[in-house]
Amino acid sequence: MTPENLKPLTSMRFLAAFWVVMFHYWPKLDLGAATGWTPGIVAQGYLGVELFFVLSGFILCHVYLEAAGTGGFKYGSFLWARLARVYPLHLATLVGVGLLGAAAAIAGISIDDSILSWASLPANLTLTQAWGLAPEAAWNHPSWSISAEWFAYLCFPVFAWAAWCLRQRPGLALVLATVGLMATYTVFEALAGFPLTQATIHWGALRIVPCFAYGCAAYLAWRAGGLKRPGAMALVTTGLILVCAALQVWDGVTVALFGVLILALAGLSGRGGVLESRTGVWLGEVSYAVYMVCVPWKLVAINGLARLNGGSEHLPWWMWVPAVLAIVPLAGLAHHLIERPARTAMRRWAERRASKGRSQIQPAAT
């Protein structure tokens with residue numbers, strides 16, 4: 001079954017991205033600011049990134065594990081394909097934030113100096129800002145997670161080797177990955193003084209490691225047959241995740257539930273339903289753009305609406321809701337005008353180079 005057939009997982013990506021959006025935008029809602037109340041599910045919206053990280057390990061093993069285990073894996077082609085997936089929109093939003101900063105300066109609008117940190121630009125351009133190489137959280141800050149993903153892509157042969165060795169023992173793989181996840185969270189918080197799930201440009205590359213490994217282990221479980229009654233398991237697991245968020249349960253428990261949810265949703269593939277609808281799948285396809293444009297749009301929308309709100313960034317709901325919902329069509333434009341065309345162009349360029357290389361080798365071989 002190809003990744004395109006795992007439509008419920010594609011749709012789930014939008015929910016994860018929108019969870020992060022709510023985490024970023026809730027403080028600008030007048031209700032939240034006036035009362036100081038933040039729902040638990042919103043307060044833990046940063047865990048949407050962990051859901052992406054676990055899903056990334058699952059999907060990449062689904063696509064590449066067999067080739068990696070049987071000798072057909074091409075590391076260079078893999079990295080180029082992943083770069084084509086994430087880099088064009090990353091670069092576009094980085095440039096966009098730079099232009100917004102320049103426009104604000106011309107208009108006399110003050111912005112945080114760290115947003116346009118030139119010392120952090122090289123790390124942002126090389127996708128190493130989550131490796132501890134950026135002095136400040138600058139430019140399009142959510143892109144730190146793309147830097148963490150790039151770290152996991154570079155290390156994928158190691159993850160794949162471990163998964164391939166345990167392919168006949170998925171239960172053991174899940175136990176080891178879960179214990180590793182819990183241990184990493186516990187030890188890191190004890191040493192650093194804050195949870196690993198809240199690390200960004202400092203230790204962001206480490207943040208993805210236990211989640212990615214857990215996603216690889218979850219794939220082995222799905223490969224071995226998955227879960228019985230996936231529909232019921234999806235409902236129960238979703239309920240447990242909501243309860244854990246509402247009660248502010250330790251993040252390790254919630255992240256562990258993500259693996260179960262992914263297994264359950266993968267098992268629902270081909271059964272129809274809202275998560276396999278055209279709308280649900282389209283929202284999932286633009287989820288990366290949702291994640292990448294949410295902060296640049298926040299800079300524009302909140303500052304603009306604040307001028308209509310007497311200078312206050314704490315917006316009434318009738319201003320706040322449209323500002324949040326506008327992210328979806330903006331993400332759609334970014335996806336269809338930048339992300340997809342650039343990805344296609346990069347992949348076609350690689351195919352042409354490969355084809356040219358084969359044509360040059362063929363006469364010599366003859």
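The rules behind the values
- Residues numbered from 1 in each chain as written.
- Predicted model: local features only at pLDDT ≥ 70, side-chain atom pairs only at ≥ 80, totals over all residues.
- Heavy atoms only, no water.
- Helix = DSSP H or I, 4+ residues; strand = E, 2+ residues; numbered from the N terminus.
- Rg over C-alpha atoms; globule rule 2.2 N^0.38 Å.
- Buried < 20%, exposed > 50% of the residue type's maximum accessible area, 1.4 Å probe, protein only.
- Contact = heavy atoms within 4.5 Å.
- 1 Å grid on protein atoms, 1.4 Å probe; cavity = no way out; pocket = protein on both sides within 12 Å on 5 of 7 lines; lining within 4 Å.
- Points joined across faces, edges and corners; volume = space filled by probe spheres on them.
- Nonpolar A, V, L, I, M, F, W, Y, C, P; charged D, E, K, R; others polar.
- Core = buried A, V, L, I, M, F, W, Y, C linked by side-chain atoms within 4.5 Å.
- Salt bridge = Lys/Arg side-chain N within 4 Å of Asp/Glu carboxyl O.
- Patch = residues over 30% accessible without salt bridge, like charges linked within 9 Å, V, L, I, M, F, W, Y side chains within 5 Å.
- Areas by Shrake-Rupley, 256 points an atom, 1.4 Å probe, with all protein chains shown as cover.

**Here's the deal with the overall build of the protein chain**
Here's step 1: On a plain count of helices and strands, the protein chain comes out with 16 helices and zero strands.
Here's step 2: Its C-alpha atoms give the protein chain a radius of gyration of 21 Å, within 12% of the compact-globule value 21 Å for 366 residues.
Here's step 3: Taken over 366 residues, the protein chain has a buried fraction of 48%.
Here's step 4: Looking at the protein chain alone, contacts between residues at least 24 apart form 77% of all its contacts between residues at least 6 apart.

**Digging into the layout of surface pockets**
Here's step 1: In this structure, the largest pocket encloses a volume near 1,000 Å³.
Here's step 2: Along the wall of the largest pocket there are 34 residues; nearest its centre are Arg-13, Ile-59, Arg-82, Arg-85 and Arg-343.
Here's step 3: Elements that contribute at least two residues to the lining of the largest pocket include exactly helix H1 (7-25), helix H4 (47-70), helix H5 (75-107), helix H7 (144-154), helix H13 (278-285), helix H14 (287-308) and helix H16 (327-365).
Here's step 4: Ranked by residues supplied to the lining of the largest pocket, first place goes to H4 with nine residues.
Here's step 5: For the lining of the largest pocket, the per-class residue count stands at 18 nonpolar, five polar and eleven charged.
Here's step 6: Within this model, the second largest pocket holds a volume of roughly 710 Å³.
Here's step 7: Ile-111, Ile-115, Lys-298, Leu-299 and Asn-303 are the residues nearest the centre of the second largest pocket, which is lined by 29 residues in total.
Here's step 8: For the lining of the second largest pocket, the secondary-structure elements that each account for two or more residues are H5 and H14.

**With respect to the side chain of Thr-237**
Here's step 1: As for its placement among the helices and strands, Thr-237 is situated in helix H11 (residues 230-246).
Here's step 2: Here Thr-237 is in contact with Leu-257, Val-260 and Leu-261, once residues within four sequence places are set aside.

**Remarks on the nonpolar core**
Here's step 1: Membership of the largest hydrophobic core comes to 100 residues, with the highest contact counts inside it found for Phe-58 and Phe-156.
Here's step 2: Ranked by the residues each element gives to this core, the list is headed by H4, at twelve residues.
Here's step 3: Apart from the residues lying within four places of it in its own chain, the contact partners of Phe-156 are Leu-60, Cys-61, Tyr-64, Phe-73, Phe-78 and Phe-212.
Here's step 4: Among the nonpolar cores identified, the runner-up in size contains seven residues, and Val-97, Leu-116, Ala-138 and Trp-139 belong to it.

**What to know about the pattern of salt bridges**
Here's step 1: Across all of its chains, the model carries five salt bridges by this definition.
Here's step 2: The partner of Arg-85 in a salt bridge is Glu-339, and the shortest N-O contact between them spans 2.5 Å. Of the two residues, Arg-85 is situated in helix H5 and Glu-339 in helix H16; the sequence distance between them amounts to 254 residues.
Here's step 3: Under the relative-accessibility criterion, Arg-85 is labelled buried at 15%.
Here's step 4: In this structure, Arg-343 and Glu-339 form a salt bridge, with 3.5 Å as the shortest nitrogen-oxygen distance. With Arg-343 and Glu-339 both in helix H16 and four residues apart, this pair spans about one turn of that helix. Glu-339 shares its class with Arg-343; the two are buried.

**Notes on unusual backbone geometry**
Here's step 1: Positive phi, close to 55 degrees, is recorded for Trp-139, a residue that is not glycine.
Here's step 2: Along the chain, Trp-139 turns up in the loop between helix H6 (121-125) and H7.
Here's step 3: Even without glycine at this site, Trp-203 takes up a positive phi of about 75 degrees.
Here's step 4: Along the chain, Trp-203 falls in the loop between helix H9 (170-192) and helix H10 (204-223).

**Section: empty space enclosed by the protein**
In this approach, a probe sized like a water molecule rolls over the atoms, and the result shows the empty space that is left.
Here's step 1: For the structure shown, the criterion picks out one cavity of 30 Å³ or more.
Here's step 2: Lining of the largest cavity is provided by Asn-124, Gln-129, Ala-134, Glu-136, Ala-138, Asn-140, His-141, Ser-143, Trp-144 and Ile-201.
Here's step 3: Of the residues that constitute the lining of the largest cavity, the class distribution is four nonpolar, five polar and one charged.

**Considerations on a nonpolar patch on the surface**
Here's step 1: On the surface, a cluster of nonpolar side chains totalling about 330 Å² of accessible area is made up of Leu-91, Val-95, Leu-99 and Leu-125.
Here's step 2: Element by element, the count of residues in the nonpolar patch is highest for H5, at three residues.
Here's step 3: Its place among the elements puts Leu-125 in helix H6.
Here's step 4: When its relative accessible area of 35% is taken as the criterion, Leu-125 is described as partly exposed.

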